[in-house]
Amino acid sequence: MIDFENVSKVYPNGTVALDGLNLHIDDGEFVFIVGASGAGKSTLMKLLLREEKVTSGSLRVDEFELSKLSNYKVPYYRRRLGVVFQDFRLFQNKSVAENVSFAMRAIGEPAKLIRRRVPAILNVVGLQDKAKNFPRELSGGEQQRVAMARALANNPGLIIADEPTGNLDPMLSLEIMNLLIRINKSKNKTVIVITHEKNLVDHFQQRVVTLNDGHIVDDRVGGMFG
Amino acid sequence: MRRYSLTYLIGQSFKGLWRNGVMSVASILVLLSCLIVMGTFGLIIYNLNDNLASLGDLNSITVFIDMEKTDEEIQSIGESISRLSNVKNVEYISKAEAFERQKAIYEEEYPYFFQGVDETIYPASYVITCDDNAHFEELRLELEKMKDQGVSKVRYLADAAETLESIKNGVIYIFTWFMAILFFVSLFVIINTIKLAVSYRKQEISIMRYVGATNWFIMLPFIFEGILIGIISSVSAFFIQMYLYGFIESSFLAEYNIRLVHILPFDNVKYIVLGAFLAIGIFTGIVGSSISLRKNLKA
Ligand SMILES: Nc1ncnc2c1ncn2[C@@H]1O[C@H](COP(=O)(O)OP(=O)(O)OP(=O)(O)O)[C@@H](O)[C@H]1O
Ligand SMILES: [Mg+2]
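What counts as what
Residues numbered from 1 in each chain as written. Chains lettered and ligands numbered in written order. Predicted model: local features only at pLDDT ≥ 70, side-chain atom pairs only at ≥ 80, totals over all residues. Heavy atoms only, no water. Pairing = 2+ DSSP bridges. Helix = DSSP H or I, 4+ residues; strand = E, 2+ residues; numbered from the N terminus. Axes fitted to C-alpha atoms, helices over the stretch in contact; angles between N-to-C directions. Contact = heavy atoms within 4.5 Å. Salt bridge = Lys/Arg side-chain N within 4 Å of Asp/Glu carboxyl O. Buried < 20%, exposed > 50% of the residue type's maximum accessible area, 1.4 Å probe, protein only. Patch = residues over 30% accessible without salt bridge, like charges linked within 9 Å, V, L, I, M, F, W, Y side chains within 5 Å. Areas by Shrake-Rupley, 256 points an atom, 1.4 Å probe, with all protein chains shown as cover. Lys, Arg positive; Asp, Glu negative; His and termini not counted. Charge placed at Lys NZ, Arg CZ, Asp CG, Glu CD. Near = heavy atom within 4 Å. Polar contact = N/O pair within 3.5 Å; in protein donor to acceptor, adjacent residues only side chain to side chain. Phe/Tyr/Trp six-rings, centres within 6.5 Å; stacked < 30°, edge-to-face > 60°. Parallel < 35°, antiparallel > 145°, perpendicular 65-115°, else oblique. Left-handed = near helix turned anticlockwise from the far one by under 90°. Nonpolar A, V, L, I, M, F, W, Y, C, P; charged D, E, K, R; others polar.

Student: Lay out the sheet that holds strand 8 (residues 190-194) of chain A in plain terms, naming residues and giving numbers.
Tutor: Residues and elements named next belong to chain A. With mixed pairing, the six strands of this open sheet are ordered in space as 6-7-8-3-9-10. Sheet topology places strand 6 (81-85) and strand 10 (215-221) at the edges, where each strand pairs with a single neighbour. Averaged over all neighbouring strand pairs, the angle between strand axes comes to 15°, with direction disregarded. Two strands pair when backbone bridges link them, and strand 6 and strand 7 (residues 158-162) are joined in this way by five bridges, in the parallel orientation. Counted as the bridge partner of Phe85 is Asp162 from strand 7. Along the sheet, helix 1 (residues 41-49) makes contact with strand 3 (30-35), strand 6, strand 7, strand 8 and strand 9 (207-212), crossing strand 6 at roughly 150°. Where helix 6 (residues 170-186) meets the sheet, its contacts fall on strand 3, strand 7 and strand 8, and the angle it forms with strand 8 comes to roughly 155°.

Written out as structure tokens, the structure reads:
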């Protein structure tokens, strides 16, 4: 459960990125966030990641009130989230399996669990045969799937992806979106996808939230652009 | 903490040290030099202190008694000297003893001088050592006052101990400043080494944050790296110090035959030296890495 209540975000330089935002997302929902450049989409994601703090209003994710969350609790909150970025952010000097296990090691999971879980996750994203490969040996779509496997590694309830297909050509984009939908449906995870790609949004017929100038100007189920 | 995490942390800190090659070696060398300079000063002071203690009798005062005093009178003068404050020891040297001592020293060179004379030409004397060299002067003045009771002359050696004392203070003064400077240089180099290690792992740190690694988990490998620098530096410094000390003790002193000073065995202090090195080395490592991580500590 995600609840934005009258959330505003003003950056230190005075830019108002979000202005009195109200948005509710239930567990297990799939939501596209769309909008022009500078509309505030990435800011919304940064607030959810608690990379940035809300300037005013209240933002709840499950039992966490992010406007009041103290710094030392942030890591435990973030274990509920999986993040995917446009630029993948993989370690070039680590194999596919190591990139995934890194996320588990980072929160101190025992080696035994890591050994068991990494192949299972790679299976979910269809990369079970590439475990030992390095990112440079993979296509863009495969690299993004590694990033998704890493996001899934600690079994988060919420996946947030900021333009996950921004660096991919249309076929691979479709593949990644399909994977995100599948993760949403079969694993019952909440998935938030920020994107610019009209045809994908129209194709999947999911909930679409449109931002403009820090405001929600549209919130509906189905195609947004057509 | 889980055992796995601990091995992970230690593994990471070793890796970091290795990846940071040149900087790690630089910080180890600087810290090591700092420790050796400190150890050398410390050992000099330690030896000076000991030598000062044995040089203490340089600060003795010899009181000569009027020639015509009787044995009883001499004895009562001795008793009143013993009653003065700050008197540690009073040694009586009779006329006969004085005569024998002088004869032993000079007879060979001036044999005719001792012909036809006996002990009566020498005055009896008391050799007084004081408890506290700082109040040496007061005791000397007290003894000077006894001239109307049969003391003919108060003789004392130049304030050798005082000179040595001030040398020691000078050494300590230089040592303190040198130490402070070296400590800050070590700290500075370690701070930069760890900063480099952090920047090397910027991407890792950022991903670790996203997946919910705690600050401690992110920072500990760097702190461990600092500690590792401290441990490697202090243990190597210890062995170099031990070698240096042995070298000075055996070859240098033997060659120049410096008899005036004696050198204490390193074994007496080796655990103290090692302990101090480790304590300072590890402390510097922790402080250095903590300082360079300070701004990374926010979520
Ligand atoms: N760290 C920052 N400091 C100051 N202003 C910022 C910062 N980050 C974003 N902004 C501003 O806030 C507004 C919203 O930015 P945001 O990145 O959320 O937009 P976006 O919808 O993600 O755009 P895009 O589609 O181009 O990624 C913009 O005007 C941007 O310039
Ligand atoms: Mg953006």
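Further notes follow.
Student: For the pattern of salt bridges, give the residues involved together with the corresponding values.
Tutor: In this structure the tally under the stated criterion is 16 salt bridges over all chains. Between A:Glu142 and A:Lys130 there is a salt bridge; the shortest N-O distance is 3.9 Å. With A:Glu142 in helix 5 (residues 140-152) and A:Lys130 in the loop between helix 4 (111-124) and helix 5, this pair connects stretches of sequence that are 12 residues apart. Look at A:Glu142 and you get buried, because its relative accessible area is 15%. Note that B:Lys145 and B:Glu142 form a salt bridge whose closest N and O atoms lie 3.1 Å from each other. Of the two residues, B:Lys145 and B:Glu142 both sit in helix 5 (residues 136-145), three residues apart, roughly one turn of that helix. Given the relative accessible area of 56%, B:Lys145 is considered exposed.

Student: Break down the environment of B:Tyr271 for me, citing the residues and quoting the values.
Tutor: Residues and elements named next belong to chain B. Structurally, the position occupied by Tyr271 is in helix 9 (residues 270-293). Residue classification places Tyr271 among the exposed positions, given a relative accessible area of 65%. Separated by 33 residues in the primary sequence, Tyr271 and Phe238 place their C-alpha atoms 9.7 Å from one another.

Student: Tell me about a negative patch on the surface, and name the residues and values.
Tutor: Residue and element names in this part refer to chain B. Side chains of Glu100, Glu107, Glu108, Glu109, Asp118 and Glu119 sit close together on the surface and give a patch of like negative charge. Residue placement: Glu119 occurs in the loop between helix 4 (95-106) and strand 3 (125-130). The exposure class assigned to Glu119 is partly exposed, which follows from its relative accessible area of 37%.

Student: Please give an account of the site of ligand 1 that cites residues and values.
Tutor: Residue and element names in this part refer to chain A. Surrounding ligand 1, one finds 14 residues, the nearest of these being Ser37, Gly38, Lys41, Ser42 and Thr43. Within the backbone of Gly38, an N or O atom sits 2.8 Å from an oxygen atom of ligand 1. Considering every element that reaches the shell around ligand 1, the biggest residue donor is helix 1, with three residues.

Student: Account for the packing of aromatic side chains, naming residues and giving values.
Tutor: Residues and elements named next belong to chain B. A complete count under the given rule lists 13 aromatic pairs over all chains for this structure. Between Tyr245 and Phe266, the ring centres sit 5.2 Å apart and the planes meet at 45°, which makes this aromatic pair tilted. Of this pair, Tyr245 sits in helix 8 (residues 215-256) while Phe266 sits in the loop between helix 8 and helix 9; the two residues are 21 residues apart in sequence, bridging distant segments of the chain. Grouping residues by exposure puts Tyr245 and Phe266 together as buried.

Student: Explain the packing of helix 3 (residues 96-105) of chain A against helix 4 of chain A residue by residue, including any values.
Tutor: All names here are of chain A. Their axes nearest at 10 Å, the elements helix 3 and helix 4 cross at an angle of 125°. Judged by the inter-axis angle, helix 3 sits oblique to helix 4. By crossing handedness, the relation of helix 3 to helix 4 is classed as right-handed. Contacts between helix 3 and helix 4 involve Val96, Ala97, Val100, Ser101, Met104 and Arg105 from the first element and Leu113, Ile114, Arg117, Val118, Ile121 and Leu122 from the second.

Student: Provide a residue-level description of the interface of chain B and chain A, including the pertinent values.
Tutor: Every contact between the two is made by 17 residues of chain B and, on the other side, 26 residues of chain A. Summed over the shared surface of chain B and chain A, the result is one salt bridge. A salt bridge links A:Lys94 to B:Glu204, with the shortest nitrogen-to-oxygen separation between them at 3.7 Å. Connecting chain B to chain A are four residue pairs in polar contact (both at pLDDT 80 or more). Taken together, the elements giving at least two residues each to the side of chain B that touches chain A come down to helix 1 (3-19) and helix 7 (202-210) of chain B. The dominant element in the side of chain B that touches chain A, judged by the number of residues it contributes, is helix 7 of chain B, at six residues. In terms of residue class, the side of chain B that touches chain A is built from nine nonpolar, five polar and three charged.

Student: Give a detailed account of unusual backbone geometry, specifying residues and quantitative values.
Tutor: Most peptide bonds take the trans configuration, and most residues that are not glycine carry a negative phi. Backbone geometry places A:Asn6, a non-glycine residue, at a positive phi of 55°. You can see A:Asn6 is positioned in strand 1 (residues 2-10). A residue is classified by how much of its surface remains accessible, and A:Asn6, at 48% relative accessible area, is partly exposed. Phi is positive for B:Asn86, close to 70°, though the residue is something other than glycine. Judged by relative accessible area, which is 17%, B:Asn86 ranks as buried.

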